[in-house]
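These are the residues of each chain, in order.
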There are 2 protein chains.
Amino acid sequence: MTDISKLGEFGLIHRLTKDIKSQNASTHYGVGDDCAVLHYPDSEVLITSDMLMEGVHFDLTYITMEQLGYKAAMVNISDIFAMNGDPRQLIVSIAVDKRFSVENIDEFYKGLREACEKWGVDIVGGDTTSTRTGLAISITCIGEAAKENIVYRNGAKETDIICVSGDLGAAYMGLQLLEREKNVYYEQYDALTKKVKEAKKSGNQENLAALNNDLKALNDFRPDFAGREYLLDRQIKPEARGDVIRQLRDANIRPTAMMDISDGLSSELLHICHQSHCGCRIYEKNIPIDYQTAVMAEEMNLNVTTCALNGGEDYELLFTVPIGDHDKIEAMEGVKQIGYITKESLGAMLITRDNNEFEITAQGWNPLRE
Amino acid sequence: MTDISKLGEFGLIHRLTKDIKSQNASTHYGVGDDCAVLHYPDSEVLITSDMLMEGVHFDLTYITMEQLGYKAAMVNISDIFAMNGDPRQLIVSIAVDKRFSVENIDEFYKGLREACEKWGVDIVGGDTTSTRTGLAISITCIGEAAKENIVYRNGAKETDIICVSGDLGAAYMGLQLLEREKNVYYEQYDALTKKVKEAKKSGNQENLAALNNDLKALNDFRPDFAGREYLLDRQIKPEARGDVIRQLRDANIRPTAMMDISDGLSSELLHICHQSHCGCRIYEKNIPIDYQTAVMAEEMNLNVTTCALNGGEDYELLFTVPIGDHDKIEAMEGVKQIGYITKESLGAMLITRDNNEFEITAQGWNPLRE
């Protein structure tokens, strides 16, 4: 492993960016000066930025540096699609503490590049620096869209149909699964180290040797993810739904409002209702949920609808379309109609399977709430 | 003080951004959706991004949250000027731990806004989140420039004159001063707490009471900054040199290469030489140094030229102009000609006051070096 201090900031930047080739005509100048230079004469420039902090947004016992790079890029690319734009450039800032080697940063960039290549995005700049403790990542993504094609959160109209791509709650169940397996490991580890202490005290050498062997064997601990791969993938390798954006364009559908689901369906629905000055009615039976999500929720004694409503990080698209587009959406693979937009005075309501009505409240992920 | 968890992410964002009014025609849509929407039909878009981490880039015992907001915005605005651009928008990401109150974030934004108002910059988005420990800030600044006006680092030509705005080394001396006063405080504090411990051990109540009074009096410790205000200002409240950019435009001077001095003069000179494939000769006697910087260096037994060459954070402009502009620059207030560009094979040289030649090496601030 190579110590980062051997390269220094400029050596590291050179290593990370020397092979980058720009793919977009809008990228005039990338890494290497005080600013990147972009050119957007015929369209609007979309910009979004996200900060990811170790211990809050990710846990390096669950996710590799490569996966983290991929995810960090994808969740920002997702925000560009959520405006009906096309992602073009990425600016990457990363601050590392002394635990990290040059190779760790290489892996992070490998993941970044994979995500960027998937959607034709150029890495055009950023900052590489150090932190006292913990890994900090800040990504800015730049995209473009013709003015008339941009979809905001505030355009939903009464009678519009509410649609969701893919399925919901899986990323959240993936996280639950990861935390469960981490706990299983630490329970075994804690129990063993306690026994080792006792054996040391009592001087039982034979027992101590056996216990130390058990501890060594624990290094081979493999979490039990069999049959749960989809949930893990959804948590660790989210995909921005540019494919859905293309489908909508091909079908000549222009959503009236749209956003990506990062904090949870209920939270995002309330954003659209609030900004569009409308209400909504969504139907529990229509919320798309994968089989593995349902099984896992059952196993963990969680209400699967609650998971789908409030679990974050699915990065699916939530959008509204005029009622006239009903048949086109119906014909579309992987998009579900979950309800419709109402007058603001009717509130945001969930209709359960047994026909009860509940007001939707935002209980999604909020890093600044206790 | 208001607990941030009372407001949550969206409440906090609303509080911070509700009064923001856009000033620029290029700002089509600011805070409130998945992306900000900008419009640059007739110019190039300049983008720069910087990450500032507590304990690495700033120390909250030296700088208030308001000053930090001002500085974080200014150093990014400075990068836009360094390309001969005009700053237009700012995206602000901040991650705080439990020490921070809503009022702390208000103060940070107050400083941000002051810097932005100074240069007509709109705050158009960002991220507000939490961190396990420490304050993390990431700022992205967007600006514009006509293609033919952009000044890169790579355009310096043989015989060009090398110029520097303002004076150098003061921000570094300001930091030395702050650290010295912090040490004075902690030395007194440590000595007193040691004596308190001893008094407790020996049971000397009278002595203990006197010592506790001394400890209380230490709360009123005021660092000795008299006559050093300029150095502090340079460290804590740096100014982006947009005024120099305007002077240059008014005088019809277009630099051939330019950057801002954030890591130190020698480091930045080497960037220009490296990217322009040239060498340089600069003269020690021409490096602009303020009187306070010189006095302070003397007092601390530091070589003032070394401080000016390698001290970072001055945010002055370093630029090269064709030799034909010599008289125009000469007539300019606050800009010094420090040397000239040579053939690459001649290297980057400093000519000392006693006419010795030294090769310039980058010893400026590098957060990833030990």
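Check the entry above for the structure.
Student: What is the right way to read helix α1 (residues 4-17) of chain B from this model?
Tutor: Think of an α-helix as 3.6 residues a turn; residues three or four steps apart then line up on the same face. Residues and elements named next belong to chain B. Over its 14 residues, α1 extends only 15 Å from the first C-alpha to the last, a length that falls short of the 20 Å expected when each residue adds 1.5 Å. At F10, α1 is deflected by roughly 80°, the largest bend along its length. Taken residue by residue, α1 has I4, S5, G8, E9, L12, L16 and T17 as its buried positions.

Student: Please explain the relation of the copies chain B and chain A as it appears in this structure.
Tutor: Superposition of the two copies of the chain requires a rotation about an axis together with a shift along that axis. Each copy of the sequence occupies a distinct position, and chain B is placed on chain A by a rotation of 180° and an axial shift of 0.0 Å, giving an RMSD of 0.0 Å. A rotation of that kind, with that shift, is consistent with a two-fold axis. No C-alpha of chain B approaches the rotation axis more nearly than that of P41 of chain B, which lies at 1.9 Å. A share of 100% of the interface residues of chain B reappears at the interface of chain A, consistent with the copies meeting face to face through the same patch.

Student: It is not clear to me how unusual backbone geometry should be interpreted in this structure. Could you clarify?
Tutor: Negative phi characterises most residues that are not glycine, and trans characterises most peptide bonds. Residues and elements named next belong to chain A. Phi at T159 is positive, roughly 75°, even though this residue is not glycine. Tracing the backbone shows T159 in the loop between β6 (136-145) and β7 (161-165). For T159, a relative accessible area of 43% translates into the label partly exposed. For H277, which is not glycine, the phi dihedral falls at a positive 50°. Residue position: H277 is located in the loop between α8 (265-276) and β9 (279-283). You can call H277 exposed: its relative accessible area is 56%.

Student: Please explain the sheet that holds strand β10 (residues 317-321) of chain B as it appears in this structure.
Tutor: Neighbouring strands of a sheet are bound in pairs by backbone hydrogen bonds; such pairs are parallel or else antiparallel. Residue and element names in this part refer to chain B. Taken together, seven strands build an open sheet; the order of strands is β8-β10-β7-β11-β9-β12-β13 and the sheet is mixed. Looking along the sheet, the strands with just one partner apiece sit at the ends: β8 (257-260) and β13 (357-359). Strand after strand, the sheet turns through a mean of 25° between neighbouring axes, direction not considered. Where strand β9 (residues 279-283) and strand β11 (residues 335-342) come together, four bridges link them in antiparallel fashion. Note on β11: the bridge partner recorded for C280 is I341.

Student: Please clarify how the interface of chain B and chain A should be interpreted in this entry.
Tutor: Many authors give the size of an interface as the accessible area that is lost as the parts come together. Every contact between the two is made by 73 residues of chain B and, on the other side, 74 residues of chain A. Each partner contributes to the roughly 6000 Å² buried at the junction of chain B and chain A, and carbon and sulfur atoms together form 53% of this total. There are four salt bridges connecting chain B and chain A. Two residues, R153 of chain B and D34 of chain A, come together in a salt bridge whose shortest N-O distance is 3.1 Å.

Student: What's the story with the side chain of D127 of chain B in this structure? I'm lost.
Tutor: Following the sequence through the fold, D127 of chain B ends up in strand β5 (residues 122-130). Of the side chains bearing the opposite charge, R153 of chain A lies closest to the buried D127 of chain B, which forms no salt bridge; the N-O distance is 10 Å. Those residues in contact with D127 of chain B that lie beyond four places of it in its chain are S49, D50 and M51 of chain A together with E9, V92, S93 and I94 of chain B.

Student: Where do I start with the environment of E148 of chain A in this structure?
Tutor: Relative to the assigned elements, E148 of chain A resides in the loop between β6 and β7. Along the chain, E148 of chain A and S43 of chain A lie 105 residues apart, while their C-alpha atoms are 9.7 Å from each other.

Student: I tried to follow α8 of chain A on my own but got confused; where do I start?
Tutor: Residue and element names in this part refer to chain A. Over its 12 residues, α8 runs 16 Å from end to end, which matches the ideal 16 Å to within 8%, given 1.5 Å per residue. For α8, the buried fraction is high: 10 of the 12 residues fall into the buried class. Every buried residue belonging to α8 is among L265, S266, S267, E268, L269, H271, I272, C273, Q275 and S276, and all of these are buried. Directly beyond the C-terminal end of α8, a positive phi value near 50° is found at H277.

Rules behind the numbers
- Residues numbered from 1 in each chain as written.
- Chains lettered and ligands numbered in written order.
- Predicted model: local features only at pLDDT ≥ 70, side-chain atom pairs only at ≥ 80, totals over all residues.
- Heavy atoms only, no water.
- Helix = DSSP H or I, 4+ residues; strand = E, 2+ residues; numbered from the N terminus.
- Expected span 1.5 Å × (residues − 1).
- Bend = angle between axes of the 7 residues up to and from the residue.
- Buried < 20%, exposed > 50% of the residue type's maximum accessible area, 1.4 Å probe, protein only.
- Least-squares fit on C-alpha atoms with pLDDT ≥ 70 in both.
- Contact = heavy atoms within 4.5 Å.
- Pairing = 2+ DSSP bridges.
- Axes fitted to C-alpha atoms, helices over the stretch in contact; angles between N-to-C directions.
- Buried area = accessible area lost by both parts, 1.4 Å probe.
- Salt bridge = Lys/Arg side-chain N within 4 Å of Asp/Glu carboxyl O.
- Lys, Arg positive; Asp, Glu negative; His and termini not counted.

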